[in-house]
Amino acid sequence: MTAPSALPAPHDTPLDLGGRTALVTGAAGGIGRACALRLAAAGAKVRAVDRDAEGLEALAAAAADLGGAVEPLVLDLTDLDAAEAAAAGTDVLVNNAGLQLVRPIEEFPPDVFHTVLTVMLEAPFRLLRGALPHMYGQGWGRVVNISSVHGLRASAYKSAYVAAKHGLEGLSKTTALEGAPHGVTSNCVNPGYVRTALVEKQIADQALAHGIPEERVVAEVLLQDSALKRLIEPEEVAQAVAYLCGPQASFVTGTSLVLDGGWTAH
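Remember, it's a predicted structure, so these values are computed and weren't measured experimentally.

(A) Region of the structure containing helix 8 (residues 234-245). In this model helix 8 runs 17 Å from its N-terminal to its C-terminal C-alpha over twelve residues, within 8% of the 16 Å that 1.5 Å per residue would give. Buried within helix 8 are the following residues: P234, V237, A238, A240, V241, A242, L244 and C245. For helix 8, the elements touching its buried residues are helix 1 (30-41), strand 4 (92-95), strand 5 (141-146), strand 6 (184-191) and strand 7 (256-259).

(B) Quick look at unusual backbone geometry. Located in the positive-phi region is Y157, a residue other than glycine, with phi close to 75°. For Y157, the position within the fold is in the loop between strand 5 and helix 5 (159-179).

(C) Here's a closer look at the sheet that holds strand 5. On the basis of which strands lie adjacent, the open sheet formed by seven strands has the order 3-2-1-4-5-6-7 and parallel pairing. Looking at strand neighbours, the two that pair on one side only are strand 3 (69-74) and strand 7, the edges of this open sheet. Direction aside, neighbouring strands of the sheet carry axes that sit 15° apart on average. For strand 1 (residues 21-25) and strand 2 (residues 45-50), the ladder comprises five bridges, and the chain directions are parallel. Residue pairing in the sheet places T21 in a bridge with K45 of strand 2. Its contacts with the sheet put helix 1 on strand 1, strand 2, strand 3, strand 4, strand 5 and strand 6, and the angle it makes with strand 1 is roughly 170°. Across the sheet, helix 5 is in contact with strand 5, strand 6 and strand 7; its angle to strand 6 comes to roughly 155°.

(D) View of empty space enclosed by the protein. The full count for this structure, using the stated rule, is one cavity of 30 Å³ or more. Each pocket or cavity is described by its volume, and for the largest cavity that value is around 60 Å³. If you go around the largest cavity, the residues you meet are T25, L77, N95, N96, A97, V119, M120, P124, L127, I146, K165 and L168. Looking at the lining of the largest cavity, the elements that each hand over two or more residues are helix 4 (110-138) and helix 5. Here the lining of the largest cavity gets four residues from one element, more than from any other, and that element is helix 4. The residue inventory of the lining of the largest cavity, partitioned by class, reads eight nonpolar, three polar and one charged.

(E) Quick peek at the confidence of the model for the protein. The predicted model of the protein has a mean per-residue pLDDT of 93, with 95% of residues at 70 or higher. Long-range and interchain partners of residues 1-5, a stretch whose pLDDT sits below 50, account for zero contacts in this model, where long-range means more than four residues apart.

(F) Expanded view of the state of the cysteines. Throughout the structure, instances matching the rule amount to zero disulfides. Here C35 is not cross-linked by a disulfide; its sulfur's nearest cysteine counterpart is in C245, at 8.7 Å. Look at C245 and you get buried, because its relative accessible area is 3%.

(G) Structural detail: the packing of aromatic side chains. All chains considered together, the criterion is met by two aromatic pairs. Judged by centre distance (6.1 Å) and plane angle (85°), the rings of F108 and F113 are edge-to-face. Residue classification places F108 among the buried positions, given a relative accessible area of 8%. Owing to a relative accessible area of 33%, F113 belongs among the partly exposed residues under this scheme. Aromatic pair Y193 and W263: ring centres 5.8 Å apart, planes at 20°, arrangement stacked. In this pair, Y193 is assigned in the loop between strand 6 and helix 6 (197-210) and W263 in the segment after strand 7, connecting sequence segments 70 residues apart. Owing to a relative accessible area of 7%, Y193 belongs among the buried residues under this scheme. One residue, R20, lies across the ring of W140, its end atom 3.9 Å from the ring centre.

(H) Spatial organisation of the layout of surface pockets. Roughly 890 Å³ of internal volume is contained in the largest pocket. As for the largest pocket, its lining consists of 42 residues, of which N96, A97, G98, L99 and L198 are closest to the centre. A total of five residues in the lining of the largest pocket trace back to one element, the largest contributor, which is helix 6. Considered class by class, the residues forming the lining of the largest pocket number 18 nonpolar, 16 polar and eight charged.

Calculation notes
Residues numbered from 1 in each chain as written. Predicted model: local features only at pLDDT ≥ 70, side-chain atom pairs only at ≥ 80, totals over all residues. Heavy atoms only, no water. Helix = DSSP H or I, 4+ residues; strand = E, 2+ residues; numbered from the N terminus. Expected span 1.5 Å × (residues − 1). Buried < 20%, exposed > 50% of the residue type's maximum accessible area, 1.4 Å probe, protein only. Contact = heavy atoms within 4.5 Å. Pairing = 2+ DSSP bridges. Axes fitted to C-alpha atoms, helices over the stretch in contact; angles between N-to-C directions. 1 Å grid on protein atoms, 1.4 Å probe; cavity = no way out; pocket = protein on both sides within 12 Å on 5 of 7 lines; lining within 4 Å. Points joined across faces, edges and corners; volume = space filled by probe spheres on them. Nonpolar A, V, L, I, M, F, W, Y, C, P; charged D, E, K, R; others polar. pLDDT = per-residue confidence, 0-100. Disulfide = S-S within 2.5 Å. Phe/Tyr/Trp six-rings, centres within 6.5 Å; stacked < 30°, edge-to-face > 60°. Lys NZ or Arg CZ within 6 Å of the ring centre and 35° of its normal.

This is the structure in structure tokens:
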């Protein structure tokens, strides 16, 4: 006898997050901004977290123009207690905030290493602590961790970033195992190089590290192992996040959705 489908709606049902609250970190620009706008367009009330107050104001205005609702929350994620408190009552949690520094290990500043791990691994843990009680209580929740191809593969000169993303992968899987009995899914989205300010800074850093002009960095360093020779757009990542929040992905948990242009096919 065939078991009934777990899908509550037809496969072509558009994403409807009406009545849900979504929290997106690093929301003032890049991937976070695209995710916040996409979830707001789906009807969610988006709690947008970032240190950039002006960027958050611009995001809220853009969302309002599209008929969406964004609540700006200026917050430094190194304030871990505040991060945990901010996640209370969240139905959808998108851990996106990140930072990058490209240096050889022996030259990597220990304080920067600590900050990267705090923002990109410990803060997501604390945000989960704040969000999961509400998700468990209602029997539904979606956790999407913006990882990276560097959560699956390493690159030289990125010790802190690679360590943080590998850790985030493990945290996401653990969340999936613990959350499954409570109707909560947890997944990673793993893009390659996305057209963001963070990547633009990396181009300059990589040029310095490799001793080559910036115009050669994209083709010869960033996209060397990518079959598709272009950067990913933030909106493409946001669509993957939206998919993981929808009914079609109700059986997808504990995994990584890779958007790397064929990098990991090698």
